[in-house]
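These are the residues of each chain, in order.
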Amino acid sequence: MAQQSMCIFPGFGLAWAQAPFGYALSLVLGGLFFAKPMRSRGYVTMLDPFQQLYGKRMGGLLFIPALMGEIFWSAAILSALGATLSVIIDIDINMSVVISALIAIFYTLVGGLYSVAYTDVVQLFCIFIGLWVSVPFALSNPAVSDIGVTAVKQLFANQTAWLGKIENNDKWMWADNFCLLMLGGIPWQVYFQRVLSASSATYAQVLSFLAAFGCIIMAIPSVLIGAIGASTDWNQTSYGPIPPMQKDQSDMILPIVLQHLCPSYISFFGLGAVSAAVMSSADSSILSASSMFARNIYQLAFRQTASDREIVWVMRITIFVFGALATAMALLSGTVYGLWYLSSDLVYVIIFPQLISVLFIRGTNTYGSIAGYIFGLILRIGGGEPYLKLPPFIYYPWWTIEEKVHHVTHEVEYLVMQRFPFKTISMLASFLSNVAFSYLFKYLFESGTLSAKYDFLDAVVAKHSAEIMDKTTLVNRNIIGLNEMASVKPRLSVTLAAAFSRKETLTEEDDSSPESPSHDNE
């Protein structure tokens with residue numbers, strides 16, 4: 001629904017509908033560089049390598065942006081389904097969001113990973129067929145003009161060409177947002193949940209590439225529906241003479257097209273398709289957040305002796321809690337596309353540079369990780385966030401104040417727009433500060449400039465402390481090099497294998513993979 005709404009936003013259009021292309025590229029990059037290292041080492045969640053190298057406290061800090069990403073993502077999904085239900089069934093949008101959330105929570109409790117995985121295939125097939133069935137009916141409606149003409153020419157008042165364009169002063173902001181989606185779409189538990197449960201590292205890569213292709217294919221009918229919405233003379237429909245963007249209803253263009261340009265039975269068919277897709281994504285996202293909390297926070301940080309039954313109950317409780325948080329965000333936020341961007345924001349600025357460091361940079365430690373976390377967070381929050389009504393306290397170059405008029409209430413709102421690519425700058429600052437402070441503290445402690453007693457995080461001197469749980473692998477060999485895109489044989493201690501690894505993974509790698517060359521040098 002997000003890319004459809006961008007197609008009809010005046011001054012934006014398809015050129016700003018970055019989500020499907022950005023996330024498709026993120027799946028390709030994930031498959032090329034991250035799927036095999038993560039899967040080969042037999043991790044259970046995305047946070048495992050962070051806790052293994054940086055300790056349980058840092059793992060808890062990194063859980064916060066990961067959780068926020070999942071909450072924003074779930075809220076965007078629930079908001080999309082709520083908008084659809086409110087238009088087609090004609091119920092209050094807040095009520096529809098609450099109903100959607102209850103369905104998602106119940107579905108997640110009853111399902112689990114196996115149920116989620118199997119139903120995803122059916123649900124994605126339903127959304128693809130449902131949208132494609134509605135496209136011919138909407139295109140053939142007499143009120144719809146030729147979308148080839150409206151792509152580059154404005155035919156109706158207040159409705160610009162749906163292809164859109166990128167102004168010169170917006171190019172850096174466009175690039176910043178695209179990098180956010182492309183790179184910020186990688187470090188997600190909902191993605192690594194599939195990667196780490198794959199039968200092999202190679203199969204995990206193949207799944208990533210297939211998902212990238214499917215992401216583009218699935219976006220085609222959505223873009224067409226957005227183009228149809230921008231090519232419609234709404235005065236000839238039951239919707240009324242005022243187009244959706246003049247009623248601040250651009251986010252609901254999908255259900256509006258289904259309701260007013262398609263027969264009623266097609267509308268309900270499309271509603272079922274959207275509902276299936278939303279349930280598929282919502283249950284995965286909420287389950288991902290609850291699984292990270294239950295394993296990396298509750299079990300590994302507080303209750304190492306917790307039984308499987310206890311962990312299951314913790315997951316059930318957190319499913320309710322995280323579902324409620326996502327529902328609240330969906331009710332408070334004003335735009336689906338804003339939530340879509342926000343879902344990758346904190347993940348991009350904080351977790352992505354940390355993941356690069358923990359996998360590919362030799363010598364990073366907890367001190368650098370904390371510094372990178374703080375630098376990235378301050379620089380990102382300092383830029384403000386209009387969608388959360390968070391004012392900036394750092395005014396980057398090229399900032400402007402724009403006037404936003406709410407067409408329904410006629411209220412005028414003034415927003416600070418940061419045209420400087422400050423999100424990418426925040427990410428790079430987080431990465432560089434991680435590396436710089438890691439090497440700084442490593443030098444200070446190893447050279448004797450600072451006494452070993454000041455290594456209170458046990459990150460440099462105390463290499464085998466209980467706090468880091470088991471650092472024998474990643475302290476002596478701090479990276480997974482790019483040459484390990486081939487199969488590797490992990491060398492894991494008994495403690496690490498019990499805490500982080502699945503036995504079938506180790507058996508598979510022992511049978512099929514040679515010893516990494518870097519091990520021979522140790």
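Not measured: the values here are computed from a predicted model.

Glancing now at the overall build of the protein chain. Counting its regular elements, the protein chain contains 19 helices and 2 strands. Here the protein chain, with 522 residues, has 55% of them falling under the buried criterion. Partitioning the intrachain contacts of the protein chain with sequence separation of at least 6 by distance along the chain shows that 78% fall at a separation of at least 24. Working note: accessible area of the protein chain is about 22100 Å², and carbon and sulfur atoms make up 68% of it.

For the pair helix α11 (residues 253-261) and helix α12 (residues 264-302), the least separation of the axes is 8 Å and the interaxial angle reads 155°. With respect to each other, α11 and α12 are oriented roughly antiparallel. Along its contact with α11, which presents Leu254, Leu258 and Gln259, the element α12 presents Ser267, Gly270, Leu271 and Val274. Split by residue class, the contact of α11 with α12 holds 4 nonpolar, 3 polar and no charged.

A few words now on the confidence of the model for the protein chain. On average, residues of the protein chain score 78 in pLDDT, and 80% of them reach the 70 mark or higher. The least confident element of the protein chain, judged by mean pLDDT, is helix α17 (residues 494-500) at 41; the most confident is helix α16 (residues 422-446) at 94. The low-confidence segment residues 464-522 (pLDDT under 50) makes 130 contacts with residues lying over four places distant or belonging to another chain.

All chains considered together, the criterion is met by 9 salt bridges. Between Lys442 and Glu446 there is a salt bridge, and its shortest N-O distance comes to 3.0 Å. Of this pair, Lys442 and Glu446 are both found in helix α16, 4 residues apart, which corresponds to roughly one turn of the helix. Connected through salt bridges with shared partners, the residues Asp345, Arg380, Glu385 and Lys423 form a single ionic network.

A few words now on the pairing of strand β2 (residues 412-417). Burial of the side chains of β2 is restricted to one face: Glu413, Leu415 and Met417 are buried, whereas none of Val412, Tyr414 and Val416 on the reverse face is. Looking at chain direction, strand β1 (residues 400-405) and β2 are connected through 6 bridges and run antiparallel. Looking at β2, one finds that Val405 is bridged to Val412.

Another aspect to go through is a nonpolar patch on the surface. Judged by side-chain polarity, Ile374, Leu377, Ile378, Ile381, Leu390 and Phe393 come together as a nonpolar surface patch covering roughly 500 Å² of accessible area. Tracing the sequence through the fold places Ile381 in helix α15 (residues 366-382). Among the residues examined, Ile381 registers a relative accessible area of 32% and is labelled partly exposed.

On to the packing of aromatic side chains, then. A full pass over the atoms with the stated rule returns 19 aromatic pairs. Measuring from ring centre to ring centre gives 5.7 Å for Phe34 and Phe360, while their planes differ by 70°; the resulting arrangement is edge-to-face. Taken together, the residues span a long stretch of sequence, with Phe34 in helix α2 (residues 19-40) and Phe360 in helix α14 (residues 336-360) at a distance of 326 residues. Overall, Phe34 belongs to the buried group, its relative accessible area being 3%. Assessed through its relative accessible area of 17%, Phe360 is described here as buried.

Once that is clear, we can look at unusual backbone geometry. Residues other than glycine seldom take positive phi values, yet Trp398 does so here, at roughly 70°. Relative to the assigned elements, Trp398 resides in the loop between α15 and β1. Of the residues examined, Trp398 reaches a relative accessible area of 48% and is grouped as partly exposed. Not every positive phi belongs to a glycine, and Asp458 is a case in point at roughly 55°.

Time to look at the packing of α12 against helix α13 (residues 308-332). Close contact between α12 and α13 brings their axes to 8 Å; oriented N to C, the two are set at 130°. It follows that α12 is oblique to α13 by the angle criterion. Where α12 crosses over α13, the two elements pack in a sense that is right-handed. In this structure, α12 uses Ile286, Leu287, Ala289, Ser290, Ser291, Phe293, Ala294, Tyr298 and Gln299 to contact α13, whose residues at the interface are Glu310, Ile311, Val314, Met315, Thr318, Ile319, Phe322 and Gly323. Its residues assigned to classes, the contact of α12 with α13 shows 11 nonpolar, 5 polar and 1 charged.

Its place among the elements puts Gln299 in helix α12. With a relative accessible area of 19%, Gln299 lands in the buried category.

Once that is clear, we can look at the nonpolar core. Generally speaking, soluble globular proteins have nonpolar side chains that are buried together. The biggest cluster of nonpolar side chains holds 95 residues, and the ones touching the most others in it are Phe34, Phe50, Phe192, Val257 and Leu355. Considering each element in turn, this core owes the most residues, 14 residues, to helix α4 (residues 56-88). Excluding anything up to four places from it in sequence, Leu355 contacts Phe34, Met38, Phe50, Pro187 and Phe192.

With respect to the secondary-structure elements, Ser290 resides in helix α12. Exposure remark for Ser290: the relative accessible area of 0% places this residue in the buried category. Between the C-alpha atom of Ser290 and that of Arg316, which follows or precedes it by 26 residues, the distance is 7.8 Å. Those residues in contact with Ser290 that sit more than four places away from it in its chain are Met315, Thr318, Ile319 and Phe322. At 2.9 Å, the side chain of Ser290 forms a polar contact with the backbone oxygen of Leu287.

Rules of the game
- The numbering scheme is per chain: residues are counted from 1 as the chain's sequence reads.
- Local features in this predicted model are restricted to residues of pLDDT 70 or higher, and side-chain atom pairs are both shown and tallied only at a pLDDT of 80 or more, whereas totals for entire chains, interfaces and linings draw on every residue.
- The basis for the side-chain values is all heavy atoms of the structure; hydrogens and waters are excluded.
- Working definition: helices are DSSP H or I runs of at least four residues, strands are E runs of at least two. Numbering for both runs from the N terminus.
- For the exposure calls, accessible area comes from a 1.4 Å probe over protein chains only, and a residue counts as buried if that area is under 20% of its type's maximum, exposed if over 50%, partly exposed in between.
- By definition, residues are in contact when any of their heavy atoms lie within 4.5 Å.
- Here the Shrake-Rupley method, with its probe set to 1.4 Å, supplies the accessible areas, and only the displayed protein chains count as covering residues.
- Helix axes are fitted only over the stretch in contact, all axes being lines through C-alpha atoms; the angle between N-to-C directions runs from 0 to 180 degrees.
- Any angle from 65 to 115 degrees is called roughly perpendicular, while one under 35 is roughly parallel, one over 145 is roughly antiparallel, and all others are oblique.
- Under this grouping Gly is polar, as are all residues other than the nonpolar Ala, Val, Leu, Ile, Met, Phe, Trp, Tyr, Cys and Pro and the charged Asp, Glu, Lys and Arg.
- One confidence number per residue, pLDDT, is output by the predictor and ranges from 0 to 100.
- Whenever a carboxyl oxygen of Asp or Glu lies within 4 Å of a side-chain nitrogen of Lys or Arg, that contact is scored as a salt bridge.
- Any two strands with at least two DSSP-identified bridges between them are counted as paired.
- To count toward a patch, a residue needs a relative accessible area over 30% and no salt bridge; like charges are then connected within 9 Å, while nonpolar side chains (Val, Leu, Ile, Met, Phe, Trp, Tyr) are connected within 5 Å.
- Here a Phe, Tyr or Trp ring, Trp counted by its six-membered ring, pairs with any other such ring whose centre lies within 6.5 Å, and the pair is stacked when the planes are under 30 degrees apart, edge-to-face when over 60, and tilted otherwise.
- With the far helix as reference, a near helix turned anticlockwise by less than a right angle produces a left-handed crossing, and one turned clockwise produces a right-handed crossing.
- Here, the term nonpolar core denotes a set of buried Ala, Val, Leu, Ile, Met, Phe, Trp, Tyr and Cys residues that are joined through side-chain atoms within 4.5 Å.
- Here a polar contact is recorded for every N or O atom pair within 3.5 Å, except that within protein the pair must consist of a potential hydrogen donor and a potential acceptor, and residues adjacent in sequence are included only if both atoms are side-chain atoms.

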